[in-house]
Amino acid sequence: QQERLKIASWICGFVDGEGCFSVSIIKNKTTKSGIQIFPEFVVTQGAKSLPALKEIKKFFDCGNIFVNKRYDNHNENLYRYCVRSLKEVELTIIPFFLENHLRTHKQKDFRIFRKIVTLMLEKRHLNNSGRKRIISLVSKMNRRKKHF
């Protein structure tokens, strides 16, 4: 139990520095609305710190690690631990961060992320007013991208 608390604190600190709660809105002509909404929890590290991402993945017991190959002047590839499954976000990631609070601006992003996931679980992203609400919330997160 004590070891789990230490790891949880370490993960919170790690996510405060290197994590991200994001929601992508992507044009997709094959969907009825023409857009798809993807909530995602991500932690990124260089190849030398890949063991840290593996430890986080093992702790949460969900998500995947992907390589982003570098073709610039950096000496190592980047790796991304990603949780994209709405169910895994709902049942694992959100409860963890409700219990273990972040200490940076990412706490605000987490709260918005949680609202968006809740709207999606309520199927609100499937109607126009729900999508507009989600797009409005996304604009208040991270880089404040403009959408549609």
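Since we're looking at a predicted model, the values are computed, not measured.

(A) Quick look at the sheet that holds strand 1 (residues 19–27). Here 4 strands make up an open sheet; going across it, the order is 1-2-4-3 and the pairing antiparallel. Edge positions in the open sheet fall to strand 1 and strand 3 (64–68), since each of these has one partner strand only. Here the strands of the sheet are splayed against their neighbours by 35° on average, with no regard to which way each runs. Where strand 1 and strand 2 (residues 35–46) come together, 9 bridges link them in antiparallel fashion. For phenylalanine 21, the partnering residue across the bridge sits in strand 2 and is phenylalanine 41. Packed onto the sheet, helix 1 (residues 2–18) meets strand 1 and strand 2 and runs at close to 110° relative to strand 2.

(B) Summary view of unusual backbone geometry. Here aspartate 61, not a glycine, exhibits a phi torsion of approximately 55°, which is positive. Position of aspartate 61 relative to the elements: it lies in the loop between helix 2 (50–60) and strand 3.

(C) Broad picture of helix 4 (residues 106–121). For helix 4, built from 16 residues, the straight-helix expectation of 22 Å at 1.5 Å per residue is met to within 8% by its first-to-last C-alpha distance of 22 Å. Where helix 4 is buried, its residues meet helix 1, strand 1, strand 2, helix 3 (86–99) and helix 5 (128–138). Directly beyond the C-terminal end of helix 4, a positive phi value near 65° is found at lysine 123.

(D) The nonpolar core, seen in detail. Ranked by internal contacts, the top residues of the largest apolar core, which has 40 residues, are Phe21, Phe41, Phe60, Tyr81, Phe97 and Ile116. Sorting the residues of this core by element identifies helix 1, strand 1, strand 2, helix 2, strand 4 (78–83), helix 3, helix 4 and helix 5 as the ones contributing at least two each. Residue contributions to this core peak at 7 residues, all from helix 4. Contacts of phenylalanine 60, omitting those with residues within four sequence positions, involve Ile11, Phe41, Tyr81, Thr92, Ile93, Phe96 and Phe97.

(E) Fine view of the pattern of salt bridges. Taken as a whole, this structure holds 4 salt bridges when the rule is applied. A salt bridge links arginine 80 to glutamate 40, with the shortest nitrogen-to-oxygen separation between them at 3.3 Å. One end of the pair, arginine 80, is in strand 4; the other, glutamate 40, is in strand 2, and 40 residues separate them in sequence. For glutamate 40, a relative accessible area of 10% translates into the label buried. Close ionic contact of arginine 84 with glutamate 40 constitutes a salt bridge, the shortest N to O distance being 2.5 Å. Here arginine 84 is found in the loop between strand 4 and helix 3, whereas its partner glutamate 40 is found in strand 2, with 44 residues between them in sequence.

(F) Structural context of the packing of aromatic side chains. Tallied over the entire structure, the rule returns 15 aromatic pairs. Centre to centre, the rings of phenylalanine 41 and phenylalanine 60 are 6.1 Å apart; their planes meet at 85°, and the pair counts as edge-to-face. Pair noted here: phenylalanine 41 is in strand 2 and phenylalanine 60 is in helix 2, with a separation of 19 residues, a long-range link. The class of phenylalanine 41 is buried, set by a relative accessible area of 0%. Classification of phenylalanine 60 as buried rests on a relative accessible area of 6%. Aromatic side chains phenylalanine 41 and phenylalanine 97 sit 5.5 Å apart centroid to centroid with 55° between the ring planes, which places their arrangement in the tilted category. Here phenylalanine 41, found in strand 2, pairs with phenylalanine 97, found in helix 3; they are 56 residues apart in sequence, far enough to count as distant. Exposure class is identical for phenylalanine 41 and phenylalanine 97. Each is buried.

The rules behind these values
- Residues numbered from 1 in each chain as written.
- Predicted model: local features only at pLDDT ≥ 70, side-chain atom pairs only at ≥ 80, totals over all residues.
- Heavy atoms only, no water.
- Pairing = 2+ DSSP bridges.
- Helix = DSSP H or I, 4+ residues; strand = E, 2+ residues; numbered from the N terminus.
- Axes fitted to C-alpha atoms, helices over the stretch in contact; angles between N-to-C directions.
- Contact = heavy atoms within 4.5 Å.
- Expected span 1.5 Å × (residues − 1).
- Core = buried A, V, L, I, M, F, W, Y, C linked by side-chain atoms within 4.5 Å.
- Buried < 20%, exposed > 50% of the residue type's maximum accessible area, 1.4 Å probe, protein only.
- Salt bridge = Lys/Arg side-chain N within 4 Å of Asp/Glu carboxyl O.
- Phe/Tyr/Trp six-rings, centres within 6.5 Å; stacked < 30°, edge-to-face > 60°.

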